[in-house]
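# Fold and geometry: a report
Each chain, letter by letter, is given below.
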Amino acid sequence: MVSVPYQAGRMLYLLVTPSGGRCWRMNYRHYGKRKTLAFGVWPDTGLAEAHAARAAGLDPNNATLATGYLDLYNQSPTAAARFFYQISTLRETGVTRQSVTDLRIHAYIDRTTGERFSLPGGGRAGSGFVNIARQTLGREPTEAEVQRTLRADQSRRMQDMDAAISTAGPATSVTPRTVAGDGPPRFASSPGIDLTPAATRSANALHDSIRSTTGYAIDVTSGRRSPDRQAAAMYGNFADNSAPRSANQAAFNEVRDAYLSGKRARLGRAAIVDRMANVLQRQVDRGALVSRHISDRALDIRLPPAASRQAVVAAIRDDSLVQSIGIEDDHLHVQLR
């Protein structure tokens, strides 16, 4: 359990666990629901950087900059460092959604050369976008196609945050802007399901299509998982000695090693989960997914009754919105295009 948070700002605080672990957190609201963003383990993310992020954006007047930076940190700590180094460029352009999006893009792409930054260990920044572009196109993408994918992702993330993150503090709810094609889910779903607006639109369309052809109303039981949420789930599995096998065993082993090293250091649950989440985020950055649910386009659908199962599975498999489908014990795992 959490004990005595040290306040570094109105929404930013340092979480101190009973075992002595320290983790930076920020409270915010997303679609009216209170959430907490984990963006670093002390001392990996130091007080100076946390205060700088607060000064640059946690003031309500600069909430766009704050959420843009902290979300980028959650996506890629290395890219967030480049963002931080270039933050002075916003003095000329001003802090807008467009200018912060541009700065996020150039945390991956060098303004001078137009190429993605080279990494010390080899490869280039934003390798995860290569995998996304490859899955979308069904072939090896060109560098231009990778960069288009990267730019579209950063633009989408900033647009979602601009619509959903409160600028008035943790006690204020947010009414998101209406986007063409959006609407409440028309499918049944379990509590706490996390789907992006784009995935919700696709799931709505899939629901309508399947219901019209088979009469079956889909019931979504799981959506995407952030690295934090995946880390928490895997922590529970490791603690219970019940961790399922992963298709990506190397990625699985990296997360398990972070868990074991935390246990050896006698860290508390929160600090260990943060370590695991940081490993998972780095894996996402390079396109190595320990679980398909870390993808924004993944969802689970409750297994249809035996009498209609074959027809429903065939209809889902043949739908143009679906990239792949897998049959599990009690659900269908669907990967959307």
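Residues numbered from 1 in each chain as written. Predicted model: local features only at pLDDT ≥ 70, side-chain atom pairs only at ≥ 80, totals over all residues. Heavy atoms only, no water.

Attention now goes to the overall build of the protein chain. For the protein chain, the helix and strand inventory stands at 12 helices and nine strands. Put simply, of all contacts in the protein chain between residues at least 6 apart along the chain, 57% involve residues at least 24 apart. Carbon and sulfur atoms form 50% of the exposed surface of the protein chain, whose accessible area is close to 16,700 Å². (Helix = DSSP H or I, 4+ residues; strand = E, 2+ residues; numbered from the N terminus. Contact = heavy atoms within 4.5 Å. Areas by Shrake-Rupley, 256 points an atom, 1.4 Å probe, with all protein chains shown as cover.)

Right, let's talk about the packing of helix 9 (residues 227–239) against helix 11 (residues 269–285) for a bit. Taken N-terminus to C-terminus, the directions of helix 9 and helix 11 make an angle of 120°; their axes are 8 Å apart at the nearest point. In terms of orientation, helix 9 and helix 11 fall into the oblique class. Of the two possible hands of crossing, helix 9 and helix 11 adopt the one that is right-handed. Counting all contacts with helix 9, which are made through Pro227, Asp228, Gln230, Ala231, Ala232, Met234, Tyr235 and Phe238, the residues of helix 11 involved are Arg269, Ile272, Val273, Asp274, Met276, Ala277, Leu280 and Gln281. Partitioning the contact of helix 9 with helix 11 into residue classes produces 11 nonpolar, two polar and three charged. (Axes fitted to C-alpha atoms, helices over the stretch in contact; angles between N-to-C directions. Parallel < 35°, antiparallel > 145°, perpendicular 65-115°, else oblique. Left-handed = near helix turned anticlockwise from the far one by under 90°. Nonpolar A, V, L, I, M, F, W, Y, C, P; charged D, E, K, R; others polar.)

As a further point, take the nonpolar core. Within the largest apolar cluster, 21 residues are counted, with the highest numbers of intra-cluster contacts made by Ile210, Ile218, Leu299, Ile301, Ile316, Leu332 and Val334. Discounting chain neighbours no more than four positions away, the residues touching Ile210 are Gly215, Tyr216, Ile218, Val312, Ala315 and Ile316. Counting residues in hydrophobic clusters, the runner-up holds 20 residues, among them Ala80, Tyr108, Ala125 and Leu150. (Core = buried A, V, L, I, M, F, W, Y, C linked by side-chain atoms within 4.5 Å. Buried < 20%, exposed > 50% of the residue type's maximum accessible area, 1.4 Å probe, protein only.)

Next up on the list: helix 3 (residues 77–85). Within helix 3, the full set of buried residues consists of Ala79, Ala80, Arg82 and Phe83. Buried residues of helix 3, seen end-on, are gathered within an arc of 160° and therefore sit on one face of the element. (Arc of directions from axis to C-beta.)

Read across the open sheet, the five strands follow the order 5-6-7-9-8; overall the sheet is mixed. A strand with exactly one partner marks an edge of an open sheet, and here the two such strands are strand 5 (188–189) and strand 8 (322–327). Bridge analysis of strand 7 (residues 298–302) against strand 9 (residues 331–336) gives five bridges, and the strand direction is antiparallel. Bridged to Asp300 within strand 9 is His333. Packed onto the sheet, helix 12 (residues 306–318) meets strand 7, strand 8 and strand 9 and runs at close to 150° relative to strand 8. (Pairing = 2+ DSSP bridges.)

Let us look at the pairing of strand 8. In the case of a regular strand, side chains alternate between the two sheet surfaces. Relative to strand 9, strand 8 runs antiparallel, the two being bridged by five bridges. In the strand pairing of strand 9, Ser324 is matched with Gln335. Here strand 8 folds back onto strand 9 in antiparallel fashion, the turn holding three residues.

For the rest of this paragraph, the subject is the environment of Tyr69. The residue Tyr69 is located in helix 2 (residues 63–75) in this model. Taking C-alpha positions, Tyr69 is 7.8 Å from Phe84, a pair spaced 15 residues apart along the chain.

Here His207 shows up in helix 8 (residues 197–214). The class of His207 is buried, set by a relative accessible area of 4%. A distance of 3.3 Å separates a polar atom in the side chain of His207 from the backbone oxygen of Arg186. Dropping the residues within four chain positions of it, His207 is found in contact with Arg186, Phe187, Ala217 and Ile218. (Polar contact = N/O pair within 3.5 Å; in protein donor to acceptor, adjacent residues only side chain to side chain.)

So, on to unusual backbone geometry. In the Ramachandran plot, Arg266 falls in the positive-phi region, its phi being about 60° despite a non-glycine side chain. Counting through the fold element by element, Arg266 comes out in the loop between helix 10 (249–264) and helix 11.

Attention now moves to the side chain of His333. With respect to the helices and strands, His333 occurs in strand 9. Side chain to side chain, His333 and Gln335 meet in a polar contact 3.1 Å long. Every residue in contact with His333, bar those within four places of it in the chain, is listed here: Arg292, His293, Ala298, Leu299, Asp300, Ser324, Ile325 and Gly326.

Before going further, it helps to spend a moment on the environment of His293. Relative to the helices and strands, His293 is located in the loop between helix 11 and strand 7. A relative accessible area of 6% places His293 in the buried class. The spatial distance from the C-alpha of His293 to the C-alpha of Pro227 is 9.8 Å, given a sequence separation of 66 residues.

Looking now at the packing of helix 10 against helix 11. The N-to-C vectors of helix 10 and helix 11 enclose an angle of 155°; their axes lie 9 Å apart at closest approach. One way to sum up the angle between helix 10 and helix 11 is to call them roughly antiparallel. Two packed elements cross with a definite hand, and for helix 10 against helix 11 that hand is right-handed. Seen from helix 10, the contacting residues are Ala251, Glu254, Val255, Ala258, Tyr259, Ser261, Gly262 and Lys263; seen from helix 11, they are Ile272, Arg275, Met276, Val279, Leu280 and Gln283.

On to the confidence of the model for the protein chain. For the protein chain, mean pLDDT is 74; residues scoring 70 or higher make up 71% of the total. Within the protein chain, no element has a lower average pLDDT than strand 1 (residues 3–7), which sits at 38, and none a higher one than helix 10, at 90. For the stretch residues 1–10, pLDDT sits under 50, and the model shows 28 contacts to residues farther than four places along the chain or on other chains. Counted against residues more than four places away or in other chains, residues 165–182, with its pLDDT under 50, gives 38 contacts. (pLDDT = per-residue confidence, 0-100.)

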